[in-house]
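# Examining the three-dimensional arrangement
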Amino acid sequence: MKPPKVFIGIDQTGAALQKGVRAKPLPLAAIDEDEGSLRLTTAWIPSFTFEALQKALPMPINSCETAILIDCVFGLEEKVWRGLDTNIWSLFREAASDTAVRRGFGLAPAAEFFDELLRRSRVGDSFPVRRCERIAKANSVFRTRPYQKNIQCGTYRIWRDLGSSAKHWAQIRYFTPQQEVSSEKPWLFEAYPSLFWREILGLRTRKSSALANALKEVLPQLAISESQLTSVLKSPDLADAVVLAVGGFMLRDRLFTGSPSRTGWLHREGWIIGLPLENG
């Protein structure tokens, strides 16, 4: 698989607006090569759909040369998958079903959705944890607290957005079978901003004041205007999106490492990009 040429970072949010009718806009950052330098595009999109992404970006994204790194869980712990006996796109459609739409967005609907999945799976553990989550010390998607580490709410929103599309417009790393890989669909990767802040930028805390210097150090060829930088530094969410895009570019030669034949559980649990796979 050739390295991608466009790298998009999206920070998750499941926060609700209008009493749960709508979800807050998603922060987006994209990096691509433009006339010999790296161009940065930032935007906010109303939903995680192909149409919203393409409208916000100056470059085409309908190819496998586009990598979208998103702060969202895609896999579930292996025993949960076996208990559910389904596939990931079916779960997306469940999240976007009429029942889910009536629930709305926010903490309570997200918790209700994942609690129901856990009941159906008949797994005794209240908070099943994937291999990558143990290594990264990341929260289970079935856990709501602590709120500052809650990945459930944002994941539910992303799953709903994906399930609302009429077709599978993207392919998901580790979950798309080799025979179904398309040259006309972008790739989705699960990525955690905190891991990239630490491992890519070398910053132990997510302080926006240190971000500008760190970006210049790790990616000096990135063209970022003063107005862009000001917007990024004012918004922790947009800063996370930029860090995800930068991380995707820095890891471009490692995005497709890992042997499915050796590690078949990856097709069920997935993996957090940037976490050494040999630890799994």
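The structure presented is a predicted model; accordingly, all values stated were derived computationally and were not measured.

### Looking at the pattern of salt bridges
- Inspection of the entire model under this criterion finds 15 salt bridges.
- We note a salt bridge from Lys5 to Glu65, for which the minimum N-O separation is 3.8 Å. With Lys5 in the segment before strand S1 (6-10) and Glu65 in the loop between helix H1 (50-56) and strand S6 (66-70), this pair connects stretches of sequence that are 60 residues apart.
- With relative accessibility at 54%, the residue Lys5 sits in the exposed group.
- By relative accessible area, which is 32% here, Glu65 ends up partly exposed.

### Remarks on the environment of Ala96
- Tracing the backbone shows Ala96 in the loop between helix H3 (88-95) and helix H4 (98-103).
- Each C-alpha atom of the pair Ala96 and Arg120 lies 18 Å from the other, and the pair is 24 residues apart in sequence.
- Not counting the four nearest positions on each side in its chain, Ala96 is found in contact with Val101, Arg160, Gly163 and Ser164.

### Points about the side chain of Glu190
- For Glu190, the location among the structural elements is in strand S8 (residues 187-190).
- At a separation of 2.6 Å, a polar atom in the side chain of Glu190 contacts the side chain of Arg130.

### Structural notes on helix H11 (residues 236-250)
- Between the first and last C-alpha of H11 there are 21 Å, a value that for 15 residues agrees with the 21 Å anticipated at 1.5 Å per step.
- Summarising burial for H11: twelve of the 15 residues are buried, a large majority.
- Where H11 is concerned, the buried positions are Leu238, Ala239, Asp240, Ala241, Val242, Val243, Leu244, Ala245, Val246, Gly247, Gly248 and Phe249.

What counts, and at which threshold
Residues numbered from 1 in each chain as written. Predicted model: local features only at pLDDT ≥ 70, side-chain atom pairs only at ≥ 80, totals over all residues. Heavy atoms only, no water. Salt bridge = Lys/Arg side-chain N within 4 Å of Asp/Glu carboxyl O. Helix = DSSP H or I, 4+ residues; strand = E, 2+ residues; numbered from the N terminus. Buried < 20%, exposed > 50% of the residue type's maximum accessible area, 1.4 Å probe, protein only. Contact = heavy atoms within 4.5 Å. Polar contact = N/O pair within 3.5 Å; in protein donor to acceptor, adjacent residues only side chain to side chain. Expected span 1.5 Å × (residues − 1).

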